[in-house]
Structure formats: C-alpha cells, structure tokens
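One letter stands for each residue in the lines below.
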Amino acid sequence: MTRRPVDTGDPDRLYTVTGGRSRADDDMFDLVTLIVSECEPTPGMQSENVRILEICRHPTSVVELSAELKLPVTVVRILLGDLLATGRITARHPRAAKSLASLPDSALLKEVLHGLRNL
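Residues numbered from 1 in each chain as written. Predicted model: local features only at pLDDT ≥ 70, side-chain atom pairs only at ≥ 80, totals over all residues. Heavy atoms only, no water.

**Focus: the overall build of the chain**
The helix and strand tally for the chain stands at five helices and three strands. The linear arrangement of helices and strands in the chain, starting from the amino end, is α-β-α-β-α-α-β-α. If you take every contact in the chain between residues at least 6 apart in sequence, the share linking residues at least 24 apart comes to 65%. In the form shown here, the chain has an accessible surface area of approximately 8,800 Å², with 55% of it arising from carbon and sulfur atoms. (Helix = DSSP H or I, 4+ residues; strand = E, 2+ residues; numbered from the N terminus. Contact = heavy atoms within 4.5 Å. Areas by Shrake-Rupley, 256 points an atom, 1.4 Å probe, with all protein chains shown as cover.)

**Thoughts on the sheet that holds strand β1 (residues 34-37)**
Here we have three strands laid out as an open sheet, ordered β2-β1-β3, and antiparallel in their pairing. The sheet is open, and its two borders are formed by β2 (60-61) and β3 (89-92), each paired with just one other strand. Sheet strands in contact with helix α4 (residues 73-85) are β1 and β3, and its direction is about 115 degrees off that of β3. (Pairing = 2+ DSSP bridges. Axes fitted to C-alpha atoms, helices over the stretch in contact; angles between N-to-C directions.)

**A short note on the environment of A91**
Turning to its location among the elements, A91 is positioned in strand β3. Here A91 falls in the partly exposed class, since its relative accessible area comes to 22%. The spacing of A91 and S61 is 30 residues in sequence and 9.3 Å in space, taken between C-alpha atoms. (Buried < 20%, exposed > 50% of the residue type's maximum accessible area, 1.4 Å probe, protein only.)

**Some remarks on the nonpolar core**
Counting residues in hydrophobic clusters, the biggest one holds 19 residues, and the most contacted among them are I35, I52, L65, V76 and L80. Breaking this core down by element, the ones donating at least two residues are α2 (47-55), α3 (62-69) and α4. Among the elements that take part in this core, α4 stands out by supplying five residues, more than any other. With residues up to four places along the chain from it excluded, the contact list for I35 reads F29, C56, H58, P59, T60, V62, L65, L80, I89, T90 and A91. (Core = buried A, V, L, I, M, F, W, Y, C linked by side-chain atoms within 4.5 Å.)

**With respect to the confidence of the model for the chain**
In the predicted model, the chain carries a mean pLDDT of 82, and the fraction of residues at 70 or more is 74%. The element-level mean pLDDT for the chain is lowest in helix α1 (residues 11-17), coming to 66, with β1 highest at 95. (pLDDT = per-residue confidence, 0-100.)

Here it is, written out as structure tokens:
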C-alpha cells in the first residue's frame, strides 16, 4: 500500500487567500485555542472569513476550523489574525495547570482509558 501525500490545496489559491503571506504575525493561535465569532458576516467579505464566522458561532478550535475549511493550519492562523485584528472574533486560550498537584492522578487517567477501550 502506497501512501499519498497530504493535499495542501492549490498553492496559487492559498497565496491569494492569505494576501501573499506565509506566516501569521504572531503565534497567538495554537491548535486548541477556541475561536468565537463576535459578529455576523458582512457583504463583500472573503468567503473563507465568512465560513469562519459561521462555524465559530459556537466555540471552535483552530484545528477543527482547519479541518472544516480543508485549509492548512498556517493559512487558518493568518485568516484568524486578520479577523482578530478587526474585532470580528475572540480567542479563548486553554488554561494551563497551575501546578502538577492540580493535574489528575495518572492511575485515574489509566482507569478512564481502560474504561473507554471497553466501550
């Protein structure tokens, strides 16, 4: 069985979608950052931005957006940066554990994993 390469889309289209940018301005969006729309799409908006605003009516992670839009994560991050700069979305970052003591016990996690496998 031969593996096919991952389809990253038409490079010309991706260049156009991002306005020629290949990187987001900062690393504000990691894969699990939740994105929420703050407004409705307006006429004349880029179709990818319209889809992002529609999908993110409920909190949606960056990686879910990437899969739903069938676009590479880097392209989605660039689009999200533009929407955030104009106040059309908000980003909710995951909370980090305050200390190792606040993390669940590894034995409990193993029991949960075992239970899930038995389903």
